[in-house]
Amino acid sequence: MSSRVFLGACIICIGLFLLRPCYAASTQQPPPEFQESVKKSKAEYEERVKKSQAEFDANVAKMRADTAKERQKMKSDFYIWAVFVGILGVSGGLLRFYQRRKRHRGKERISNEQAILDAGEEGEKQTAFHLSFLPKGYTVLHNVIVHSEGLSAENDHVVIGSSGIILVETKNYGGTIYVRPNGWVREKFGNKQGCDSPIAQSERHKIVLESFLTKRGWRQVPIYLVVAISNSQAIIEGEDPRCPVMKSESLPHWIRSLPSTISEEQANDLRNLFISLERTAVN
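What comes next is a walk through the structure. A quick note: this is a predicted structure, and the numbers were derived from the prediction, not measured.

**With respect to unusual backbone geometry**
Phi at Asn143 takes a positive value of approximately 55 degrees, unusual for a residue other than glycine. Within the fold, Asn143 resides in strand E1 (residues 139-148). If you check the backbone angles, Phe189 has positive phi at about 55 degrees while not being a glycine. Position of Phe189 among the secondary structure elements: in the loop between strand E5 (184-188) and strand E6 (191-195). Classification of Phe189 by relative accessible area gives exposed; the value is 77%.

The following block contains the structure:
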């Protein structure tokens, strides 16, 4: 037992003896050159770390700035597109509104024009009805179109008799009609509105008819003008010395009161001349 203890103690002493230089080397201070090199390397490393960190921070800041700029650009583009789409939508809506309004106005205008045409046709029918009571010897033609020297005239009614030719212009006006040489005024429901005088229109028709007859050898045929108001409820105020204005129902009496100036044969020749214009005689 004692020999084993002694042997172990010897081994420990030998180990300590062998490890003593290593211990001494570990406790010995490194040389100054080595310490300076270590400090320099450490400083360079820290500098590289700081530089890398600064570059990393700069890249991160740049990425954030680029991202913010891109977001701002996207937001601006979005606003621009939103405004553009809004303008397109508003423009499309205004265009549709304008087109609908235009169609509505067109329909309303067509409706008004059609109403005027319908009223005119109804008025001409009323006048034709009253002219049908003229006695035998009178010829009544309707919607007679006369062409001469490049001009044309559409006469509502043409009456041919012993007194000559009577051009009847029919107007289906309502309300109160103020007949004045310088223009007519219509009053309806308290509202007064000026309108063209149909007498001027009748005078133009007379000029075309005179040219038409002159070219065919008829130079001394009396031509009378008259404006007939077919609306039974209309009130006629005033007069024009160029042309009488009366209710349609008064036409037969006024026409019969005109003096006879042409023979029955001449009246028949005039009748045949107008019939050749492919119009239908009523009487």
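Having seen the model, we can carry on.
**Some words on the pattern of salt bridges**
One pass over the structure, following the stated rule, counts three salt bridges. Across the pair Glu169 and Lys171 runs a salt bridge whose closest N-O atoms are separated by 3.7 Å. Given a relative accessible area of 4%, Glu169 falls into the buried group. Residues Arg242 and Glu203 are paired through a salt bridge, measuring 3.5 Å at the closest nitrogen-oxygen approach. Here Arg242, found in the loop between strand E8 (235-238) and strand E9 (245-247), pairs with Glu203, found in helix H3 (residues 198-214); they are 39 residues apart in sequence, far enough to count as distant. Taking the relative accessible area as the measure of exposure, Arg242 reaches 38% and is therefore partly exposed. Connected through shared salt-bridge partners, Glu203, Asp240 and Arg242 make up one network.

**Quick look at the nonpolar core**
Judged by nonpolar contacts, the single largest core of 31 residues is most densely connected at Ile165, Trp184, Leu209, Leu213, Leu270 and Phe274. Of all the secondary structure elements, the ones that give two or more residues to this core are E1, strand E2 (151-161), strand E3 (164-171), strand E4 (176-179), H3, strand E7 (223-229) and helix H5 (264-275). A total of five residues in this core trace back to one element, the largest contributor, which is H3. Counting residues in each nonpolar core, the second largest holds 14 residues, with Tyr138, Val140, Leu251 and Ile255 among its members.

Each value, and the rule that gives it
- Residues numbered from 1 in each chain as written.
- Predicted model: local features only at pLDDT ≥ 70, side-chain atom pairs only at ≥ 80, totals over all residues.
- Heavy atoms only, no water.
- Helix = DSSP H or I, 4+ residues; strand = E, 2+ residues; numbered from the N terminus.
- Buried < 20%, exposed > 50% of the residue type's maximum accessible area, 1.4 Å probe, protein only.
- Salt bridge = Lys/Arg side-chain N within 4 Å of Asp/Glu carboxyl O.
- Core = buried A, V, L, I, M, F, W, Y, C linked by side-chain atoms within 4.5 Å.

Fair warning: the whole summary comes from geometry, so function is off the table for now.
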